[in-house]
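If you want the building blocks of each chain, they are given just below.
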Amino acid sequence: MNRLFYADCLDVLKGSEQKQEIEDESIDLIYIDPPFNSKRNYNVLFEAVDMSDTKAQKEAFADTWSNVKYIDQLVEIQRLHLDLYKYLANLDSLDVPKSTISYLTTMALRIFYMRKKLKSTGSFYLHCDPTMSHYLKVVCDLTFNHKNFINEIVWCYTGPRKTPRAFARKHDVILFYVKTDKYKFNQITISHKSGLHDTGKVGLYGSDRDNKEIEKRDEELKKLEKKGKILEDWWIDIYPTDRVRAESLGYPTQKPESLLERIIKASSSEGDVIADFFCGCGTTIAVAQRLNRKWIGVDISHLAVRLIYNRILEPYRNNNGRYLEVKSNIEVSGFPRDIASARDLAAGGKKGRIKFQDWVIEYLLDGVSNPKKVGDGGYDGYLTLYRDEKVIDVIIVEVKSGGVTVKNIREFIYVVEHEKAVMGVFVCFENEVTKPMLHEALLAGYYDQEAFGIKYPRIQIMTIEDLLAGKTVAHPNPSMFNITFKKSR
Ligand SMILES: C[S@@+](CC[C@H](N)C(=O)[O-])C[C@H]1O[C@@H](n2cnc3c(N)ncnc32)[C@H](O)[C@@H]1O
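Everything quoted here is computed from the prediction, not taken from an experiment.

**A word on the overall build of the protein chain**
Across its full length, the protein chain carries 18 helices and 14 strands. For the protein chain, the residues scored as buried account for 39% of the 489 residues in total. Of the contacts formed within the protein chain by residues at least 6 apart in sequence, a portion of 68% connects residues at least 24 apart.

This is the structure:
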């Protein structure tokens, strides 16, 4: 069974007293690409559309790591691995930014548990950048033992970027460690036939100058290929995803499939288990699936998990038998899958209610949750759908976990008008819907666009039951998959 978790990977790695989510020594290859502790914020997945509090939303998502309370985690590391603890605690007494120590502590704890999940033949790849790679290498040396360090891979890419008063920063670092010297490794020689560096050639973005640079690299590469060269630890033949039109999903940190293909082929065989504990939009998972590996993916964002689910199933859309087979082989954890567990989540106090809202908006509706958790008078989230090629419609969402009255609908209509949204979707459980609510919603009229003579109500009341059954918002263009997300760039 392939497994997708919506969770903090630490919770999945540790499991609970009753249940270990992932067996120790069960994984063949772990690749992770965690957020880099740069000031860029990876939780901001959307360039928000034109809404009044866009700026506030962005600010609400301030840099994750500097806010993490790391002292508790440091204490936990002291119990687990004394050397790791000493390293981090000493950094704490030096002139190293607190956000860096917070980030490293957070990572160290997770890497410690990841190592436990690896088989003795297993490999670990940590994708990072030069701002953190030196600190992270020490964390890995201590966790895996410096003798188990195999490579520091330098992935060089090209693309437009102005770096004032510096050489343009154009490489990432991938640290490669193994659990023991019994590790699996398939040597790779560079060849056009491998299809690896061909992947990015179609539909490159960028200026002519960039393309010329790429052509020059291709020439260099061809010369190497003629000699049948064993791949070295600096990779110049893989284009970043935003330059590969066919692959890009618009996820801000999406990595190219050819990069993962290379790593997976080098360090695993068919049928092996591959895990990515910060899996973003699921590049590792998609490649593992294509290369007939089993996989485990974890991400803390609802949106990422939803996106991966669609990404994995997309290639089988026209083959119903295979689609159902692949689907039935994916277990998604962390979300309610039936009404009873949805009710349980909604009834779980303030925290549960917020999780419930996020689940409805981001997972069931493919929307964006409003990070400012507001009471009545605000909105819980929004969706953006293409009306046509140029115009994007904003649809406000309100989610109620209980105690709904007709007054809520009236207030919601006011919010939709105030936010100048084209429609509003009001979500609650089926048993809460009353005739006066439906009547009030109908009085709000119809969306001004008709398609094939069909009218779309401006205020749509949808039930959790509808959404779990796969019903979508009635809109002239509802099938545009994840537009809210796709418009993020
Ligand atoms: C750099 S992105 C990974 C991109 C991925 N390699 C791809 O190709 O799409 C990092 C991801 O880590 C996730 N993340 C951050 N903290 C996490 C945590 N504690 N547990 C699991 N996922 C986390 C973020 O939601 C984000 O999707």
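Anyway, onward from the coordinates.
**Concerning the sheet that holds strand β13 (residues 423-428)**
Pairing in this open sheet of 5 strands is mixed, and the strands run β10-β11-β12-β13-β14 from one edge to the other. Taken across any chain shown, the strands that pair with only one partner, and hence form the sheet edges, are β10 (368-369) and β14 (459-463). Where strand β11 (residues 381-386) and strand β12 (residues 392-399) come together, 6 bridges link them in antiparallel fashion. Note on β12: the bridge partner recorded for Y386 is I392. Of the strands in this sheet, β12, β13 and β14 are in contact with helix α15 (residues 406-418), which crosses β13 at around 145°.

**Details of the site of the ligand**
Looking at the ligand, there are 21 residues lining it, with D33, T253, F278, G280 and T283 nearest. Partitioned by chemical class, the residues of the shell around the ligand number 12 nonpolar, 5 polar and 4 charged.

**So, the packing of α15 against helix α16 (residues 435-443)**
Orientation of α15 relative to α16, taken along the N-to-C sense of each, is 15°, at an axis distance of 8 Å. On the basis of the axis angle, α15 is roughly parallel to α16. Relative to α16, α15 is oriented so that their crossing is right-handed. When α15 is examined against α16, the residues V406, I409 and R410 are found in contact with a partner set consisting of P436, M437, E440 and A441.

**Some thoughts on the packing of helix α11 (residues 302-313) against helix α14 (residues 349-364)**
Axes are the key here: two packed helices are described by the angle between their axes and the distance separating the axes. Between α11 and α14, whose axes approach to 8 Å, the crossing angle comes to 35°. Between α11 and α14 the crossing geometry is right-handed. Residues H302, L303 and R306 of α11 touch α14, and the partners they reach there are D358, W359, E362 and Y363.

**What about the sheet that holds strand β4 (residues 149-156)?**
An order of β6-β4-β5-β3-β2-β7-β8-β1-β9 is seen for the 9 strands of this open sheet, with the pairing classed as mixed. Edge positions in the sheet fall to β6 (234-235) and β9 (330-333), since each of these pairs with one other strand and no more. Where strand β2 (residues 27-32) meets strand β7 (residues 273-276), 2 bridges bridge the pair, whose relative direction is parallel. Each residue of the ladder has a partner; that of L29, found in β7, is I274. The strands that helix α7 (residues 133-144) touches are β3 (118-128), β4 and β5 (171-178); relative to β5, the one it contacts most, it runs at about 5°.

**Section: the confidence of the model for the protein chain**
Mean pLDDT over the protein chain stands at 83; residues scoring 70 or higher make up 83%. Counting interchain partners and residues more than four positions distant, the pLDDT-below-50 stretch residues 38-67 has 48 contacts. This stretch, residues 481-489, has a pLDDT under 50; its non-local contacts, to residues over four places away or in other chains, come to 26 contacts.

**Regarding the environment of P315**
Among the structural elements, P315 can be located in the loop between α11 and α12 (320-328). For the pair formed by P315 and R290, sequence separation is 25 residues and the distance between their alpha carbons is 9.7 Å.

**Digging into the nonpolar core**
Grouped together as the largest cluster of nonpolar side chains are 76 residues, with contacts concentrated most on I30, A108, L126, L136, V139 and I308. The greatest single-element share of this core, amounting to 8 residues, is contributed by helix α6 (residues 98-117). The residues touching L126, leaving out its near neighbours within four places in the chain, are I32, L136, C140, I174 and L175. The next biggest cluster of nonpolar side chains, apart from the first, holds 35 residues, and it includes L385, V416, V427 and M462.

**Focus on unusual backbone geometry**
In the Ramachandran plot, D366 falls in the positive-phi region, its phi being about 60° despite a non-glycine side chain. Checked against the element boundaries, D366 lands in the loop between α14 and β10. Despite not being glycine, K420 has its phi angle at roughly 55°, a positive value. The residue K420 is located in the loop between α15 and β13 in this model.

**Looking at the pairing of strand β8 (residues 294-299)**
Of all 6 residues in β8, 5 are buried, a share of seventy percent or more. Examined bridge by bridge, strand β1 (residues 2-6) and β8 share 4 bridges and lie parallel to one another. Bridging from a neighbouring strand, R3 pairs with I296 of β8. The pairing of β7 with β8 spans 4 bridges and is parallel. Bridge assignment links V273 to a residue of β8, and that residue is K294.

**Observations regarding the pairing of β1**
Among the 5 residues that make up β1, 4 are buried, leaving the element largely enclosed by the rest of the structure. In terms of strand pairing, β1 meets β9 through 4 bridges, oriented parallel. Across the sheet, residue N2 finds its bridge partner in β9, namely I330.

**A short note on the environment of T105**
Within the secondary structure, T105 sits in helix α6. Looking at T105, the number of C-beta atoms within 10 Å reads 28, which means it is buried. Taking C-alpha positions, T105 is 6.5 Å from Y70, a pair spaced 35 residues apart along the chain. Sequence-distant contacts of T105, defined by excluding residues within four places in its chain, comprise Y70, Q73, L74, I77 and L88.

The rules behind the values
- Residue indices follow the written sequence of each chain, beginning from 1 at its first position.
- Under the rules for a predicted model, residues below a pLDDT of 70 receive no local features and side-chain atom pairs below 80 are neither given nor counted, while totals for whole chains, interfaces and linings still include all residues.
- Secondary structure elements are defined from DSSP: runs of H or I of at least 4 residues count as helices, runs of E of at least 2 residues count as strands, and each element is numbered from the N terminus.
- Counting other C-beta atoms within 10 Å of a residue's own tells you its class, since 20 or more makes it buried, 12 or fewer makes it exposed, and anything in between is partly exposed; those C-beta atoms are placed from the backbone.
- Remark: residues whose backbone-derived C-beta atoms lie within 7 Å of one another are considered to be in contact.
- Two strands qualify as a pair provided DSSP detects at least 2 bridges between them.
- Helix axes are fitted only over the stretch in contact, all axes being lines through C-alpha atoms; the angle between N-to-C directions runs from 0 to 180 degrees.
- By definition, a residue lies near a molecule or strand provided its backbone-derived C-beta atom is within 6 Å of it.
- Residues were grouped as follows: Ala, Val, Leu, Ile, Met, Phe, Trp, Tyr, Cys and Pro as nonpolar; Asp, Glu, Lys and Arg as charged; and all remaining residues, including Gly, as polar.
- Each angle is binned into one of four classes, with values under 35 degrees roughly parallel, values over 145 roughly antiparallel, values of 65 to 115 roughly perpendicular, and all other values oblique.
- Left-handed describes a crossing whose near helix is turned anticlockwise from the far helix by less than a right angle; the clockwise case is right-handed.
- Confidence of the predictor in every single residue is expressed as pLDDT, which spans 0 to 100.
- The term nonpolar core means buried Ala, Val, Leu, Ile, Met, Phe, Trp, Tyr and Cys residues held together as one set by C-beta atoms within 7 Å.

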